[in-house]
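# Analysis of the macromolecular model
Next come the chains, spelled out residue by residue.
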Amino acid sequence: MKNYLIEHLNKNFISFSSISYTSLILFIKKKDDSLRFCINYRKLNALIKRNRYFLLLINETLARIQDSKYLTRLNIIVIFNKLHMHSESEDLTIFITFFDFYKYHVMFFKLINDLTFYQHYMNDVLFDYLHQFCQIYLNDIIIYSKTLKKHKWHVWLILYRLQETDLQMNINKCKFHVQKIFFLKLLLFIEELKMNLRKVQAVVKWFTFTNLTQMQFFINFCNFY
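What comes next concerns the included structure. (Residues numbered from 1 in each chain as written. Predicted model: local features only at pLDDT ≥ 70, side-chain atom pairs only at ≥ 80, totals over all residues. Heavy atoms only, no water.)

It is worth spelling out the pairing of strand β8 (residues 140-145) at this point. Among the six residues that make up β8, six are buried, leaving the element largely enclosed by the rest of the structure. Summarising the sheet, strand β4 (residues 70-77) and β8 pair through six bridges and their orientation is antiparallel. When the bridges of β8 are listed, arginine 73 appears paired with isoleucine 142. Across four bridges, the pairing between strand β7 (residues 134-137) and β8 is antiparallel. (Buried < 20%, exposed > 50% of the residue type's maximum accessible area, 1.4 Å probe, protein only. Helix = DSSP H or I, 4+ residues; strand = E, 2+ residues; numbered from the N terminus. Pairing = 2+ DSSP bridges.)

Next up on the list: the sheet that holds strand β5 (residues 95-96). Strand order in the open sheet made by the three strands is β1-β6-β5, with antiparallel pairing throughout. The open sheet has two edge strands with one neighbour each: β1 (14-16) and β5. Relative to strand β6 (residues 101-104), β5 runs antiparallel, the two sharing two bridges. The residue of β6 that forms the bridge with phenylalanine 95 is tyrosine 102. Against the sheet, helix α1 (residues 2-10) engages β1, β5 and β6, with an angle of about 100° to β1. (Contact = heavy atoms within 4.5 Å. Axes fitted to C-alpha atoms, helices over the stretch in contact; angles between N-to-C directions.)

Attention shifts here to the environment of arginine 52. Relative to the elements of secondary structure, arginine 52 occurs in the loop between α2 (42-47) and α3 (58-65). By relative accessible area, which is 64% here, arginine 52 ends up exposed. A sequence separation of 64 residues divides arginine 52 from threonine 116, and the C-alpha atoms of the two residues are 8.2 Å apart.

This part takes up the pattern of salt bridges. Here the structure, examined in full by the defined rule, presents seven salt bridges. The partner of aspartate 91 in a salt bridge is lysine 103, and the shortest N-O contact between them spans 3.5 Å. Of the two residues, aspartate 91 is situated in the loop between β4 and β5 and lysine 103 in strand β6; the sequence distance between them amounts to 12 residues. Between aspartate 128 and arginine 161 there is a salt bridge; the shortest N-O distance is 3.3 Å. A residue pair is termed long-range when its members are at least 10 positions apart, and aspartate 128 in the loop between α4 (114-125) and β7 and arginine 161 in helix α5 (residues 148-164) qualify at 33 residues. One network of salt bridges, with partners in common, ties together Glu90, Asp91 and Lys103. (Salt bridge = Lys/Arg side-chain N within 4 Å of Asp/Glu carboxyl O.)

It is worth spelling out the pairing of β4 at this point. Within β4, six of the eight residues are buried, leaving the element largely enclosed by the surrounding structure. Here β4 runs beside strand β9 (residues 168-169); their pairing, made up of two bridges, is antiparallel. Its bridge partner lying in β9, isoleucine 77 is registered against glutamine 168.

Turning our attention to a nonpolar patch on the surface. A cluster of nonpolar residues, Met1, Phe27, Leu35, Phe98 and Phe99, forms a patch on the protein surface that exposes about 550 Å² of accessible area. In this structure, leucine 35 sits in strand β3 (residues 35-39). Leucine 35 gets classed as exposed once you look at its relative accessible area, which sits at 53%. (Patch = residues over 30% accessible without salt bridge, like charges linked within 9 Å, V, L, I, M, F, W, Y side chains within 5 Å. Areas by Shrake-Rupley, 256 points an atom, 1.4 Å probe, with all protein chains shown as cover.)

Right, dumping it as structure tokens:
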């Protein structure tokens, strides 16, 4: 907790504050056993008006990449630090720790509308190229072109725009100049769409009942829990 506070204070993402209402913090263990700093904003989220913006649909992406021969996928990191809280809303984000009270100056992950706000931001950043040779879904950008020469130029334009806005990429999750790619949790080919088999193992290996006894046991088990 102390390391998190020091780092974010130094970056001016948070600052000291005090008010009559606060949210509690907690840590959640991630898959790599590191800890994610979280704040219980459930009461605040219940008061926020939801943004009903529709995120990208897979059929729109498929329609756009038809006849394309080359694909590139870029993954953006350090997302929400680019979105600043409105000065009149900062006090709503106050959280309490053992050390003191703090409030956020930048968007904190898991606030209602966090994903749609970021999608709006990325749409604005790449507006000139959107639906021409790139599609965006949150922190993933897919670039598609009919020829390798055009594709290299398109990738350069996107990278240059990301550099202008100081957006960083996770190079380990990027794929350049390929014919198949993972996007929207699907395996996307230049000619077709396939499911990511890792995401559908529960269905593929679904147990098939061979008699009524097994089915009755399963029903009783579900009712018990």
